[in-house]
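Descriptive analysis of the structure
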Number of protein chains: 4
Amino acid sequence: MECRRVLRETGEPVRFRVRDVEIGGETPVVIVGPCSIEDRDMIIETAEAIKRIFVDKHGFRNVVIRGGAWKPRTSPYSFQGHGARALEWLREAGDKVGLPVATEVMDPRDVATAAEYVDIIWVGARNMQNTPLLRELAKAGKPVLLKRHFGATINEWLCSAEYLLAGGLEEVALVERGTRGFNEYARFSLDITVVPIIKEISRLPVIVDVSHPAGKRSLVPPLARAALAAGAHGIMMEVHPSPDKALSDSKQQLPFKMLEELVDQLRGAGLI
Amino acid sequence: MECRRVLRETGEPVRFRVRDVEIGGETPVVIVGPCSIEDRDMIIETAEAIKRIFVDKHGFRNVVIRGGAWKPRTSPYSFQGHGARALEWLREAGDKVGLPVATEVMDPRDVATAAEYVDIIWVGARNMQNTPLLRELAKAGKPVLLKRHFGATINEWLCSAEYLLAGGLEEVALVERGTRGFNEYARFSLDITVVPIIKEISRLPVIVDVSHPAGKRSLVPPLARAALAAGAHGIMMEVHPSPDKALSDSKQQLPFKMLEELVDQLRGAGLI
Amino acid sequence: MECRRVLRETGEPVRFRVRDVEIGGETPVVIVGPCSIEDRDMIIETAEAIKRIFVDKHGFRNVVIRGGAWKPRTSPYSFQGHGARALEWLREAGDKVGLPVATEVMDPRDVATAAEYVDIIWVGARNMQNTPLLRELAKAGKPVLLKRHFGATINEWLCSAEYLLAGGLEEVALVERGTRGFNEYARFSLDITVVPIIKEISRLPVIVDVSHPAGKRSLVPPLARAALAAGAHGIMMEVHPSPDKALSDSKQQLPFKMLEELVDQLRGAGLI
Amino acid sequence: MECRRVLRETGEPVRFRVRDVEIGGETPVVIVGPCSIEDRDMIIETAEAIKRIFVDKHGFRNVVIRGGAWKPRTSPYSFQGHGARALEWLREAGDKVGLPVATEVMDPRDVATAAEYVDIIWVGARNMQNTPLLRELAKAGKPVLLKRHFGATINEWLCSAEYLLAGGLEEVALVERGTRGFNEYARFSLDITVVPIIKEISRLPVIVDVSHPAGKRSLVPPLARAALAAGAHGIMMEVHPSPDKALSDSKQQLPFKMLEELVDQLRGAGLI
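Residues numbered from 1 in each chain as written. Chains lettered and ligands numbered in written order. Predicted model: local features only at pLDDT ≥ 70, side-chain atom pairs only at ≥ 80, totals over all residues. Heavy atoms only, no water.

Things to note about the overall build of chain A
Our working rule: Numbering of helices and strands runs from the N terminus, with a helix taken as a DSSP run of H or I at least four residues long and a strand as a DSSP run of E at least two residues long. Values of the radius of gyration come from C-alpha atoms, whereas the globule rule sets the reference at 2.2 Å times the count of residues to the power 0.38. Each residue's exposure class comes from its accessible area (1.4 Å probe, protein chains only) as a fraction of the maximum for that residue type: buried when under 20%, exposed when over 50%, partly exposed otherwise. Each accessible area is a Shrake-Rupley estimate made with a 1.4 Å probe; only the visible protein chains count as cover when residues are assessed. Charged residues are defined here as Lys and Arg on the positive side and Asp and Glu on the negative side; His and the ends of the chain fall outside this count. To locate a charge, take atom NZ for lysine, CZ for arginine, CG for aspartate or CD for glutamate.
The helix and strand inventory of chain A stands at 8 helices and 10 strands. Against the compact-globule benchmark of 19 Å for 272 residues, chain A has a radius of gyration of 17 Å, which places it among compact chains. The C-alpha extent of chain A, read off along each of the three principal axes, is 45 × 40 × 40 Å. For chain A, the residues scored as buried account for 70% of the 272 residues in total. Put simply, chain A shows about 8,300 Å² of open surface, and 45% of that area lies on carbon and sulfur atoms. Where the 36 positive side-chain charges of chain A centre and where its 36 negative ones centre are 2 Å apart.

Thoughts on the side chain of D:Ser36
All names here are of chain D. Stated precisely, the cut-off is as follows: The definition of a polar contact used here is a pair of N or O atoms within 3.5 Å, where within protein one atom must be able to donate a hydrogen and the other to accept one, and adjacent residues in sequence count solely through side-chain atom pairs. Whether two residues are in contact is decided by their heavy atoms, any of which lying within 4.5 Å being enough.
Inspection of the secondary structure puts Ser 36 in the loop between strand E3 (29–33) and helix H1 (40–58). Judged by relative accessible area, Ser 36 falls into the buried class, the value being 0%. Side chain to side chain, Ser 36 and Ser 248 meet in a polar contact 2.7 Å long. Excluding anything up to four places from it in sequence, Ser 36 contacts Met 42, Gly 68, Lys 71, Phe 79 and Ser 248.

Comments concerning the packing of helix H4 (residues 131–140) of chain C against helix H5 (residues 154–166) of chain C
Residues and elements named next belong to chain C. For clarity, the threshold we go by: For helices, the axis comes from a line fit to the C-alpha atoms of the stretch in contact; other axes are also lines fit to C-alpha atoms, and the angle between any two N-to-C directions lies between 0 and 180 degrees. For any helix crossing, the convention is left-handed if the near helix is rotated counterclockwise from the far helix by under a right angle, and right-handed if that rotation is clockwise. Residues are grouped as follows: nonpolar covers Ala, Val, Leu, Ile, Met, Phe, Trp, Tyr, Cys and Pro; charged covers Asp, Glu, Lys and Arg; every other residue, Gly included, is treated as polar.
Contact geometry of H4 with H5 gives a least axis separation of 8 Å together with a crossing angle of 35°. For H4 against H5, the interelement crossing comes out right-handed. Of H5, the residues touching H4 (which contributes Thr 131, Leu 134, Arg 135, Leu 137 and Ala 138) are Ser 160, Tyr 163 and Leu 164. Along the lines of polarity and charge, the residues of the contact of H4 with H5 split into 5 nonpolar, 2 polar and 1 charged.

Quick notes on the UniProt feature "domain: DAHP synthetase I/KDSA" (unreviewed entry) in chain A
Keep this limit in mind: UniProt positions are given in the numbering used here, feature names are shortened, and annotations may be inferred rather than shown by experiment.
When the UniProt feature table is mapped onto this chain numbering, "domain: DAHP synthetase I/KDSA" (unreviewed entry) sits at residues 20–263 of chain A. Helix makes up 36% of residues 20–263 of chain A and strand makes up 16%, while its end C-alpha atoms are separated by 19 Å.

Examining the packing of helix H1 (residues 40–58) of chain B against helix H8 (residues 256–268) of chain B
Residues and elements named next belong to chain B. Threshold: Small angles under 35 degrees read as roughly parallel and large ones over 145 as roughly antiparallel, with 65 to 115 read as roughly perpendicular and the rest as oblique.
Viewed as axis vectors pointing N to C, H1 and H8 meet at an angle of 25°, and their least axial separation amounts to 11 Å. Comparing the axis directions of H1 and H8 gives the class roughly parallel. Along this stretch, H1 crosses H8, giving a crossing that reads as right-handed. On H8, the residues that touch Glu 45, Thr 46, Ala 49, Ile 50, Arg 52, Ile 53, Phe 54, Lys 57 and His 58 of H1 are Phe 256, Leu 259, Glu 260, Val 263, Asp 264 and Arg 267.

Observations concerning the interface of chain D and chain A
Size of an interface, as often reported, equals the accessible area lost when the parts are brought together. The cut-off we apply is this: Using a 1.4 Å probe, buried area is obtained as the accessible area two parts lose upon being combined, added over both of them. A carboxyl oxygen of Asp or Glu within 4 Å of a side-chain nitrogen of Lys or Arg is what we treat as a salt bridge.
On the side of chain A, 36 residues touch chain D, which itself brings 36 residues to the contact. With both chains or domains summed, chain D and chain A bury close to 2,800 Å², and 62% of this area falls on carbon and sulfur atoms. Summed over the shared surface of chain D and chain A, the number is 2 salt bridges. Counting the contacts that link chain D with chain A gives 24 residue pairs in polar contact (both at pLDDT 80 or more). Its residues placed into classes, the side of chain D that touches chain A shows 20 nonpolar, 9 polar and 7 charged.

Encoded structure:
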């Protein structure tokens, strides 16, 4: 493969800090928050619940708050996000609880705005090979999480990350979020072999989004346990104050109570 | 499915003209040209060969010249295209032979420039769900060919087209270009059921890119025959003056002689 | 690949006769009949319709009558076929109209019985790697059609054929019948690249089952045209006197009238 | 779905004992042994190592010794197993260490022989829909492990299990062993969502074969941890005295030392 900067054989594993959070280190990172930032109150309420569950209850601080401002929706008639306005709310929420925040960017013209408000930017599966976006992100210099497209090979994914590294950005992590398969009961297949494979071949941390493959919340806890037990550098998941009323992904977002039980369990098992 | 403007049940089949070329009508369209516009001479030479083979020899004028200016490459180290400069050459080549021209756009910021130079814009597989790009294209008003992502379902593809229709653009055609499969001898699997399926369920014309699934030129002629025999509204394929020296897709581009034999054959079989 | 007897580079293309029918020659073969042999009358009625449409109307004799006696059903509660008794009816029907007959065998213990009654035996997709069955078939010496499993690679398919060739059987043809994909409107994806690929790499004829990928009868005619235009050595399809009352595959079997129109069309286009 | 006996909603979870081993209970089962039983000494040596590592060192007795006698090989030129003779050796090895033994059967004519020698029979992925074999196994009455075909949906898999239940056999467990995907670094994709899904919808225990998706031994330990953390009722894996000299699957079988380290780790994490 000609994309070599991402390979383990060409350098030390990538490890970086975002405020007090470390990605790629010994302690897994948990990136958690609502699918969409639906309004100011809900993101603040969610951030406070996250702080209470992780930091106050368990003293676990390797947490990033996620929230979507520009949403990549299959249908043009679905809720498309509140854009830049939502980022103000997200920033406010993060500052209030003292945790870094992350959002998704789809449009290269939004990179600068996002970089102003958030600590980490992620690239969604559908934009994994949106090279103008990748180039813009490399220039912006903010840490990037790059999700794997649900139809992409490992090499295609690594080569997309290479666009970032070749553009001068080192603070990059890979996020597996499920691929197309033959499983009619899950939204996507979650190929767990990817975790040890990326750790063997790549310098980049590998994180697993356990909400998108699940498609329904009851699957999220076992997927979270599996991802961490496989050795992932972190997990990403969706939580919402009232999932059934969510404007997107209502079936897979966890309510706070379920998040709390999961965190208790993960801590109990020494997985985070 | 909530994406309904693309459905056959909501309106008449879409049929549109681009200069003298009709897309979605009785006569299939052939969209042909080099993968990348490598320099001014090669695109003019190619346009002239296309005119000679289709128009002069067979009186077949339903032809569009394609050429890539901004290339969506898996690796950042591959040739990325000459950008806007290449579009000038493409325009000149098209005008010289009296045929419309088409190019791919990946970046929403390039849509206006492309719309100035070309008659048709296509969206590559990797950007099928790049919604900022789709919205910009709907505004630009140029006819759009929307390729199916190699990991996308039919409904996801139709919903991406819906972004264009919902944005006010009616001149849209769908391009199947192969999907991931289990076939280790082709670059992609070409699911030919898609042709009659789209014709049954959608108002939009369906065109088959026969070069990208092939990955090698010997497969292109049988795939072209199959696509047209299945009832496709057209085919898209790559041709190059010296394929072995091409800067991209060198194995699948046809030399002029092979194109000529294929066109003779397609005309002989009444397929175009 | 270590399975080399199937490769084009190791010998001449395989071509064989079954009564007056040739498989692998210039004229494509059409293998047609009901999914299941439901009773004596229906298979005789179907054979007579086939003879009228192909032989009497068009003078086209390269036809084999197919009919299932042992059915590989996903569910144990679906109709499983009439077994050996159905083969008597099939033989009678074939003899009545002077055409060879074919059936599927799943159980190695049924091979001898099948070989007694029919001219050709096919191995269904689900048994492509049922090696005890393949070995038994190689010993029986009857011509075999080997369907590709819907999850198999090309090399796995070729290696299954190699079991037959290595066992001493030369009269083998490959049948593509669709593979798993991302197309929610077809039963299986029909990767048409397989036709020219097999012709390039293998000595064995390649036939396309156009009914199983379709899953619905309206798709069968375009798939038949595509398969033959791509260069297949034949097609396989299902026909039934009253498809809506069929005990299996009721949505994809063609009624006689539709078969007749399709045959008229294929003859008109010079495809058979 | 019409296959209902396998569903959770139609009865209590299936849980059964095989000698002192319980499958489907609280304690996960570990099914471990060589891919193929290559000779008498190697299976006895392996059984003794297994006993030492699991029973003697950790007091963990929920272990079954696996070994292949009839091998489903892609190529006819690969080692096909020693057949019935190998089962004698396997039985002797199991008796020597006091653990139950399991083997794979492909041919319905071998079921009776296998049932005489082993405690558990498994159906390999390639024979998941070999219905004559399933019917014969239901009659034999031995506990069966049914592997999922690498191209099968969940419902197809459950319906194959239904053949066993409908035939009167209740002692059935499902084994996930990886499916086709887009991952060029693993032999198969291991969709871990399958574990919680089967536990939600089915009465049958779900076990994960962690060797076959891996294809290389370094991936086996993380896959084993992930499968158990996801809640699987057990794992299945391959071990060999000298993997590099193995007649099959040489890259993925674990040497004893690696097995011992893995078992230490799984016990340490409370996963078995």
